[in-house]
Amino acid sequence: MKDREESSSSSSSMTTTTTTNNPNGIINNGEHEPRDINIRSFSSVPSSPRNASSKYDFVKVKVWLGDNADHYYVLSRFLVCRMLTVTKIPNHEAIKISLELKKLLIDNSLLDVSQSDLETNLFKLMERRGYGEEYINRYNMMTKFHHQRVPLVILVCGTACVGKSTIATQLAQRLNLPNVLQTDMVYELLRTATDAPLTSTPVWTREFGSSEELITEFCRECRIVRKGLGGDLKKAMKDGKPIIIEGRHLDPSIYLMNDENKTPSNDPEKNSSETNSSPELTSDKNPEAGSSNTKVTDNSSVKPPNSQDEAVASVEAIDLSEKVTQCKINAESSKDAEKKSKSADGSGKTKSGPEPIVISIVLKMSEFDHKALLEEWISSRTSGEKYTSKEKDRLITNLKTIEDYLCSFNSQGVTVVNISATTFPQTLDGLHNYLLERIEEGIRSSENEAPK
């Protein structure tokens, strides 16, 4: 009994007694007595090693925007971390910096802070960890990019089994871009839910009389898929929402932008003259043209269908009605844009929005690695159906023809990247750098063209 009394007294000294909210004041034993609840201090609550949360996440910090501080948002350590990874700070370092920022503000009772003060403290923490002016400039550049709502469309093109989905997903994560579309899904939706002239058999598995016929059919299907992407592209251009599109049904010629009117170039003859005007396939817009991860190939043996009279006639016949309709839509949208963009003082001057940034990337592999992956991909997709060796050779040859066609657009500024398992991290870093440079060029160009 003595031991029980001592243990009872010791437990009561370690706990705090509170009265329950039971209206009858009755516990399970039927007696009227207070309920013992063990309450520990906040700092003593253990955190799971698997959980990345911190006690500082339970305290809200308001960040006020604007000169008059009329609006605020609650600081998110996760969003700060994502923004830091965009500047190429490693993820584990970004997590530490964002936690240090939240800890600094809370420990100094800065629960209401302006955006400028927040960034000042953030930049000091970045410099303390060795991420100085270069990373701070990237942060400011991407902040300006999001504030100006610059339209950004990134196209990841290529044939089967070259890593399009992996590259697109990794780039979306690094650049904090939430929207990734796959043309394979769009193709299947158009084929099954509409009367679009698409077949269940992929174009690269069919037999054609020549490579020009194959490319012509490939371009036709790409244009149909482009129509299916019209709504998402229009929203991206109008609202300034960045988007990444990846898949096998992407023809760079449909999305290339003319310098004169900044509209997609669909003129086959013009594309043909531009493609054939340069004897060597080099890109003046590709800063990594000499790197080991970005290789340009000479595709003189396979010409785009735009350079063949037969292909041009076929494509023009298919797209004639589409061009007429698109011209009407462009005319109407330009009129609406002029009405909406007129200044409030009635001067009649229009305010043009930032120019869209369209970046096309073509992925390719070495012939040996690609063939091995294709054979594995073929065996996994046939579901028991066996391809003859002749059919396999035709499929691989067709994919090689399409790949050469896509790589031929390097002369028009399309970046061609050679994917390899041994250099994949370096390739991803190179693409990250390249996209940041293109975004910076687009922002600088829009600022120079903006009326003063």
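Report follows, based on the coordinates. (Residues numbered from 1 in each chain as written. Predicted model: local features only at pLDDT ≥ 70, side-chain atom pairs only at ≥ 80, totals over all residues. Heavy atoms only, no water.)

Right, let's get into the overall build of the chain. Scanning the chain for helices and strands turns up 15 helices and ten strands. In the chain, which comprises 452 residues, the proportion classed as buried is 38%. Contacts in the chain between residues far apart in sequence, at least 24 positions, make up 73% of those at least 6 positions apart. Of the accessible surface of the chain, which amounts to about 26200 Å², a share of 49% is contributed by carbon and sulfur atoms. (Helix = DSSP H or I, 4+ residues; strand = E, 2+ residues; numbered from the N terminus. Buried < 20%, exposed > 50% of the residue type's maximum accessible area, 1.4 Å probe, protein only. Contact = heavy atoms within 4.5 Å. Areas by Shrake-Rupley, 256 points an atom, 1.4 Å probe, with all protein chains shown as cover.)

Another point: the packing of aromatic side chains. Counting across every chain of the model gives five aromatic pairs. Ring centres of Y131 and Y135 lie 5.0 Å apart, and the angle between their planes is 85°; this geometry places the pair in the edge-to-face category. In this structure, Y131 and Y135 share a single accessibility class: buried. Taken together, the aromatic side chains of F218, Y405 and F409 make up a single cluster linked through ring pairs. The ring of Y72 has K62 sitting right over it, with the charged end atom 4.8 Å from the ring centre. Positioned over the ring face of Y135 is R138, at 5.2 Å from the centre of the ring. (Phe/Tyr/Trp six-rings, centres within 6.5 Å; stacked < 30°, edge-to-face > 60°. Lys NZ or Arg CZ within 6 Å of the ring centre and 35° of its normal.)

Attention now moves to the side chain of E246. Within the element layout of this structure, E246 appears in strand 8 (residues 243-246). Despite its burial, E246 remains without a salt bridge, the nearest opposite charge being carried by K164 at 5.3 Å. A polar contact of 3.0 Å, which involves the side chain of E246, links it to the side chain of S165. For E246, the contacting residues outside a window of four places in its chain are V156, K164, S165, A168, V180, L181, Q182 and T183. (Lys, Arg positive; Asp, Glu negative; His and termini not counted. Salt bridge = Lys/Arg side-chain N within 4 Å of Asp/Glu carboxyl O. Polar contact = N/O pair within 3.5 Å; in protein donor to acceptor, adjacent residues only side chain to side chain.)

If you walk through the whole model with that rule in mind, you get 16 salt bridges. Among the salt bridges present, the one from E217 reaches R220, with a minimum N-O distance of 2.7 Å. Of this pair, E217 and R220 both sit in helix 8 (residues 211-228), separated by three residues, roughly a single helical turn. The burial state of E217 is the same as that of R220; both residues are buried. Between E441 and R438 there is a salt bridge, with its nearest N and O atoms 3.9 Å apart. Placement of the pair is E441 and R438 together in helix 15 (residues 424-449), with a separation of three residues, close to one helical turn. Look at E441 and you get partly exposed, because its relative accessible area is 43%. Each of R206, E217, R220 and E221 takes part in one network of salt bridges that share partners.

Along the polypeptide, D107 turns up in helix 3 (residues 91-107). When the C-alpha atoms of D107 and Y56 are compared, they prove to be 9.4 Å apart, with 51 residues separating the residues in sequence. At 3.5 Å, the side chain of D107 and the side chain of Y56 are in polar contact.

Right, let's talk about the side chain of S253 for a bit. Mapped onto the fold, S253 is located in helix 10 (residues 252-255). At a separation of 2.9 Å, a polar atom in the side chain of S253 contacts the side chain of D251.

Here we have three strands laid out as an open sheet, ordered 4-3-5, and mixed in their pairing. The sheet terminates laterally at strand 4 (71-74) and strand 5 (112-114), the two strands that pair on one side only. Strand-to-strand twist of the sheet, defined as the mean angle between neighbouring strand axes without regard to direction, takes the value 35°. Strands strand 3 (62-65), strand 4 and strand 5 of the sheet are contacted by helix 4 (residues 115-128), whose axis makes an angle of about 85° with strand 5. (Pairing = 2+ DSSP bridges. Axes fitted to C-alpha atoms, helices over the stretch in contact; angles between N-to-C directions.)

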